[in-house]
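Fold and contact review
Here is how the chains run, residue by residue.
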Amino acid sequence: MPKDSGIGASPKRREDVRFLTGTGNYTDDINLNGQAYVHFLRSDVAHGRLVSVDTSDAAAMPGVVRIFTGADFEGVGGLPCGWQVTDRFGEVMQEPAHPVLAQGKVRHVGDPIAAVVADTPEQARDAAEAIAVEMEELPAVINMKEAVKDGATKVHDDLTSNLCYDWGFVEENREAVDKAIQDAAHVTTLELVNNRLVANPMEPRVAVGDFNRATGESTLYTTSQNPHVIRLLMGAFVLGIPEHKLRVVAPDVGGGFGSKIFHYAEEAFCTFAAKALNRAVKWTSSRSEAFMSDAHGRDHVTKIELALDADNNFTALRTETYANMGAYLSTFAPSVPTWLHGTLMAGNYKTPLIYVNVKAVFTNTVAVDAYRGAGRPEATYQLERVIDKAARELGVDPIALRRQNFITEFPYATPVAVEYDTGDYVATMDKLEEIADLSGFAARRAASEAKGKLRGLGVNCYIEACGIAPSNLVGQLGARAGLYESATVRVNATGGIVVMTGSHSHGQGHETSFPQVIADMIGIPEDMVEIEHGDTANTPMGMGTYGSRSLAVGGSAMVRATEKIIAKAKKIAAHILEASDADIELKDGQFTVAGTDKSLAWGDVTLAAYVPHNYPLEDIEPGLEETAFYDPANFTYPSGAYACEVEVDPDTGKVTIESFAAADDFGNIVNPMIVDGQVHGGIGQGIGQALLEGCVYDEDGQLLSASFMDYAMPRADDLPFYKVDHSCQTPCTHNPLGVKGCGEAGAIGTPPAVVNAVVDALQSAGKDVTHIDMPLSPARVWAAMNG
Amino acid sequence: MVKVTMTVNGRTASGEVEGRTLLSGFLREELGLTGTHVGCDTSQCGACVVHVDGKAVKSCTMLAAEADGAEIATIEGQAAPDGTLNVIQQAFQDHHGLQCGFCTPGMVMSAAALLKDNPKPSEQEIREYLEGNLCRCTGYHNIVKAIMAASGQDVSAVAAE
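Residues numbered from 1 in each chain as written. Chains lettered and ligands numbered in written order. Predicted model: local features only at pLDDT ≥ 70, side-chain atom pairs only at ≥ 80, totals over all residues. Heavy atoms only, no water.

1. Considering the packing of aromatic side chains
Residue and element names in this part refer to chain A. Applying the stated rule across the entire model yields 25 aromatic pairs over all chains. Both rings, one in Tyr412 and one in Tyr420, keep their centres 6.3 Å apart while their planes meet at 35°; by these two values the pair is tilted. Taken as a pair, Tyr412 and Tyr420 share a single burial class, namely buried. Taking 5.9 Å as the distance between ring centres and 85° as the angle between the ring planes, the aromatic pair formed by Tyr642 and Phe660 counts as edge-to-face. (Phe/Tyr/Trp six-rings, centres within 6.5 Å; stacked < 30°, edge-to-face > 60°. Buried < 20%, exposed > 50% of the residue type's maximum accessible area, 1.4 Å probe, protein only.)

Take a look at the structure:
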């Protein structure tokens, strides 16, 4: 029987009621008295020198309050980068300035040149069209390999080149890997592109800045996954506002997928302008604006080589990647192709020698940063594609080749500097074979062929590293932040609880799942627990939600704080029951003295904490409120095996997903319904990447896919029902809940399964096709078949 | 400026709008009905779907002036006065058909229009009908399942709860 409450149950989500009745409170729903509206005039060229920006005509237009240009921000800090990568020669990365509004040059289509503040959004937009910009257009650098050639046009004149860094990992292994590849019985090589994507949460970004002249306090309402991070970055590095005078609120947020982690220019602008004008200033992104101002994801060009011995054991792996940074370094951009990518190259396999080289490159495109998975999908895609190619070259079953090379003993220290605590890759593959009915594939292929369709099966594994991460470790790796999480557990006098968490929910359902944990720990109904998040004014300093970290890190902080609560409550109970602390047990919301029938209800103890008449005042303070900061001891390592079956129309190249199955190991599960939903969403985005989505710039740097008319978002009829299973559970050994994280798995594990399936389908028809770059549009598949 | 009067969720609503004011803007900014969301500027995403005289309409594609005299239904009017969710809303909650909630108002309004015309749609009919409603969170699995359930179909065979 499924549980009906607590850990392992799937209560209906309490946040759904407001979302289903139109009573959510998203940032664009916030309107402050007397607010003005800003419209950003953005560059329509990829690269240019600003000769002059004449705002005089625009300033005289109706309703215009003030027009800001780069000159207004000369004394203001630029947008900071939160991660400094050190290259393979020991030098720190090149780090260009990133002004709030362009100063001197524009570096990508969408770079903001001026900001018009007016009484209405329409007036602001109309006036922006009247600004006269004189621009000396410069050649754009778009292609990464061209950008790093000698003599290439530089995106930043003050840097030595367009190379941000040339990273080697593990550098000491470089020669040994070269030799192992040279000596191998077989080497499979694959060159591929991990296509540039746009996260596209359905809610576009919004920022509302406010200023209270009486208190000197600034407030920013913003669509963020991590309001405390924005407060710190914007306050300390851009605007010079101390935290006690700056409040950042991220209310209901309509999806993030990474793109709402970063500190953006528009947030700083609205906060700055509200103070300058003593008036609230609101910006609502249009979708077209989002395409050219939200940080993009992926965009790697990679060559990977897998060496095998004569018995098909993996002996070495070498990869070389060009990673697009875009025109500026977004908040966590440098970490994505390095520490979130190189460290995952072992995958599920005991390859003894690995070398990863990454060249991060500036181009005249929008900044690229973390998007669901962030480095881990790029690692998984190349690894699982090259393994599949190797199996086909060697004439062995792709699943058998994987099984043969699985890591089977844990903990396992990889040659790329991480230690997997637990996993069971055989079990997830066994489960996958069962739920995907792989033994029935031949019959399904025959049925498809009878209809004139080519059917393919693609299988792959993935490992990911979640719950980022031990602060001292990431500090050594260049992070300019700690990566703990926080929780304050406030117990009220009558026993109800409010948890103030530094995690942030923008679709993940924390308001439902977090109370399940506390309800289990204390033995009270979930509806006695409320979750507060998203407002720096009433939550402890926290690092927010990304990297599948909320439960593993934020949930652990909540557990630690609740443990402190329980310990104190037991002391109070012991005093009232005239027993020793050590003899008090808490079960089902009742404190009992072990071995006796003496007991007290949870509410009696919480009331005593606030009405401390019969209370050990000489030993402990009144009240029942505790805070914990939890710093993880390691990453967590979810893993799984995915299977995709496709049909390819040989006449048109159109690919349809016929079935998709995912067997994941997320460790312990708090809410299976929510976990299923996270996996579904990740699979949907993964199929989107594999078949549909691609962000395209032309050679001049014009963004060709700048709206939903051009950028192919997955729609309901592009996708099937999915079979998902997470019954394989090897609990994490180093966090108190034994949880691993599930938010990104689908987006990581899915793309290689789809591409492997299409290659399988084409090869089944005798086509000599070993790889097609994503997205596998009908045109690309048809060309591959008929090339 | 143009004066418009329409019935919104059973109540008369009037306002002065510019000729270019969209129905979505009128609902959100003038009437404060912020449940209708705007997720794009090319009429692709469907977060703004409302019913105009009983038909599903993307309110970002219609001028407020065009809706003069019309009967408008929005997400705010879907639950019963005592707050009880309607069948479709309840099915979305029961089957986890929403995550961030941003596309949800449009999904619910589109689903209502579908079920009015086609009370027992097949999975494929639902998927095709939702062509104009984008969701980035759910991979559509639980949305399709919720709409099937709302139409009274047994969804226990659909993988994963």
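2. Considerations on the pattern of salt bridges
In the structure shown here, the tally under the stated rule is 52 salt bridges over all chains. A salt bridge links Glu563(A) to Arg560(A); the shortest N-O distance between them is 3.2 Å. Here the residue Glu563(A) and the residue Arg560(A) both occupy positions in helix α15 (residues 550–577), the gap between them amounting to three residues, near one helical turn. Here Glu563(A) falls in the partly exposed class, since its relative accessible area comes to 35%. As a salt-bridge pair, Glu693(A) and Arg136(B) come within 2.8 Å of each other at their nearest N and O atoms. Of this pair, Glu693(A) sits in the loop between α17 (672–692) and β30 (722–725) while Arg136(B) sits in the loop between α4 (123–129) and α5 (141–150), placing the two residues on different chains. Overall, Glu693(A) belongs to the buried group, its relative accessible area being 0%. (Salt bridge = Lys/Arg side-chain N within 4 Å of Asp/Glu carboxyl O. Helix = DSSP H or I, 4+ residues; strand = E, 2+ residues; numbered from the N terminus.)

3. Some details on the packing of helix α2 (residues 87–94) of chain B against α5(B)
Residues and elements named next belong to chain B. It is the contact of α2 with α5, at a shortest axis distance of 8 Å, that shows an interaxial angle of 135°. Overall, the two elements α2 and α5 adopt an arrangement that is oblique. Pair α2 / α5 crosses with right-handed handedness. The residues of α5 that touch α2, namely those facing Val87, Ile88, Ala91 and Phe92, are Ile143, Ala146, Ile147 and Ala150. (Axes fitted to C-alpha atoms, helices over the stretch in contact; angles between N-to-C directions. Parallel < 35°, antiparallel > 145°, perpendicular 65-115°, else oblique. Left-handed = near helix turned anticlockwise from the far one by under 90°. Contact = heavy atoms within 4.5 Å.)

4. With respect to the interface of chain B and chain A
Tallying the contact residues gives 56 residues for chain B and 56 residues for chain A. When chain B packs against chain A, the two sides together hide about 4,600 Å² of surface, and 56% of this comes from carbon and sulfur. For the interface between chain B and chain A, the tally reads five salt bridges. Between chain B and chain A we count 29 residue pairs in polar contact (both at pLDDT 80 or more) in total. When the residues that make up the side of chain B that touches chain A are grouped by side-chain class, the tally is 23 nonpolar, 19 polar and 14 charged. (Buried area = accessible area lost by both parts, 1.4 Å probe. Polar contact = N/O pair within 3.5 Å; in protein donor to acceptor, adjacent residues only side chain to side chain. Nonpolar A, V, L, I, M, F, W, Y, C, P; charged D, E, K, R; others polar.)

5. Here's the deal with the layout of surface pockets
Residue and element names in this part refer to chain A. The computed volume of the second largest pocket comes to approximately 560 Å³. At the level of secondary structure, the elements contributing two or more residues to the lining of the second largest pocket comprise α4 (144–147) and β16 (314–326). When its residues are assigned to classes, the lining of the second largest pocket shows 13 nonpolar, five polar and six charged. (1 Å grid on protein atoms, 1.4 Å probe; cavity = no way out; pocket = protein on both sides within 12 Å on 5 of 7 lines; lining within 4 Å. Points joined across faces, edges and corners; volume = space filled by probe spheres on them.)

6. A word on the domain arrangement of chain A
Residue and element names in this part refer to chain A. Looking at chain A, the domain boundaries give domain 1 (16–22 + 484–630), domain 2 (31–138 + 205–284) and domain 3 (296–469 + 634–786). The centre of domain 1, based on its C-alpha atoms, is set 39 Å off from the matching centre of domain 2. With 16 residues of domain 1 at the contact, the number on the domain 2 side is 19 residues. Buried area between domain 1 and domain 2, both sides added, is near 1,400 Å², and the carbon and sulfur share of it is 55%. Linking domain 1 to domain 2 there are two salt bridges. Between Arg247 and Asp535 there is a salt bridge, with the nearest N and O atoms lying 2.7 Å from each other. Inspection of the domain 1/domain 2 interface yields 11 residue pairs in polar contact (both at pLDDT 80 or more). Of the residues contributing to the side of domain 1 that touches domain 2, the split by class is six nonpolar, eight polar and two charged. (Domains from an automatic or database assignment.)

7. What to know about the UniProt feature "domain: Aldehyde oxidase/xanthine dehydrogenase a/b hammerhead" (unreviewed entry) in chain A
Under the UniProt annotation, the feature "domain: Aldehyde oxidase/xanthine dehydrogenase a/b hammerhead" (unreviewed entry) is placed at residues 21–139 of chain A. Here residues 21–139 of chain A is 10% helix and 29% strand, with 51 Å between the C-alpha atoms at its ends. (UniProt positions renumbered as here; feature names shortened; annotations may be inferred.)

8. Description of the domain arrangement of chain B
Residue and element names in this part refer to chain B. Domain boundaries assigned for chain B yield domain 1 (2–77) and domain 2 (87–150). Computed from C-alpha coordinates alone, the two centres of domain 1 and domain 2 are separated by 21 Å. For the pair domain 1 and domain 2, the two sides together bury roughly 1,200 Å², of which 63% comes from carbon and sulfur. Taken together, the links from domain 1 to domain 2 amount to zero salt bridges. Tallied by class, the residues present in the side of domain 1 that touches domain 2 amount to seven nonpolar, eight polar and one charged.

9. Some details on helix α7 (residues 265–277) of chain A
Residue and element names in this part refer to chain A. Between its first and last C-alpha atoms α7 spans 18 Å; for 13 residues at 1.5 Å apiece the expected length is 18 Å, and the two agree. If you check which residues of α7 are buried, you get Ala265, Glu266, Glu267, Ala268, Phe269, Cys270, Thr271, Ala273 and Ala274. Just past α7, the residue Asn278 takes up positive phi, approximately 50°. (Expected span 1.5 Å × (residues − 1).)

10. Regarding the sheet that holds strand β2 (residues 11–17) of chain B
Residues and elements named next belong to chain B. Overall, mixed pairing links the five strands, which are arranged β2-β1-β5-β3-β4 in an open sheet. The strands lining the two open edges of the sheet, one partner per strand, are β2 and β4 (55–58). Direction aside, neighbouring strands of the sheet carry axes that sit 40° apart on average. Bridge analysis of strand β1 (residues 2–8) against strand β5 (residues 71–73) gives two bridges, and the strand direction is parallel. Within the sheet, the bridge partner assigned to Thr7 lies in β5 and is Glu71. Of the strands in this sheet, β1, β2, β3 (49–52) and β5 touch helix α1 (residues 23–30), which is tilted by about 80° from β1. Contacting β3, β4 and β5, helix α3 (residues 104–117) crosses the sheet at an angle of about 40° to β3. (Pairing = 2+ DSSP bridges.)

11. Considering unusual backbone geometry
Residues and elements named next belong to chain A. Cis geometry marks the peptide bond from Phe169 to Val170; its omega dihedral reads -5°. Mapping Val170 onto the fold places it in the loop between β7 (163–169) and α5 (174–182). Cis geometry is adopted by the peptide bond preceding Pro411, which originates at Phe410 and carries an omega value of 0°. Positive phi outside glycine occurs at Asp437, with the angle close to 50°.

12. Describing empty space enclosed by the protein
Summary: where empty space remains is shown by rolling a probe the size of a single water molecule over the atoms. All names here are of chain A. Counted under the stated rule, the structure contains 10 cavities of 30 Å³ or more. Volume-wise, the second largest cavity comes out at about 240 Å³. Around the second largest cavity, the lining comprises 24 residues; the ones closest to its centre are Leu79, His98, Tyr264, Ala265 and Ser293. When the residues that make up the lining of the second largest cavity are grouped by side-chain class, the tally is 13 nonpolar, seven polar and four charged. Here the lining of the second largest cavity spans two domains, since at least three of its residues come from each of domain 2 (31–138 + 205–284) and domain 3 (296–469 + 634–786).

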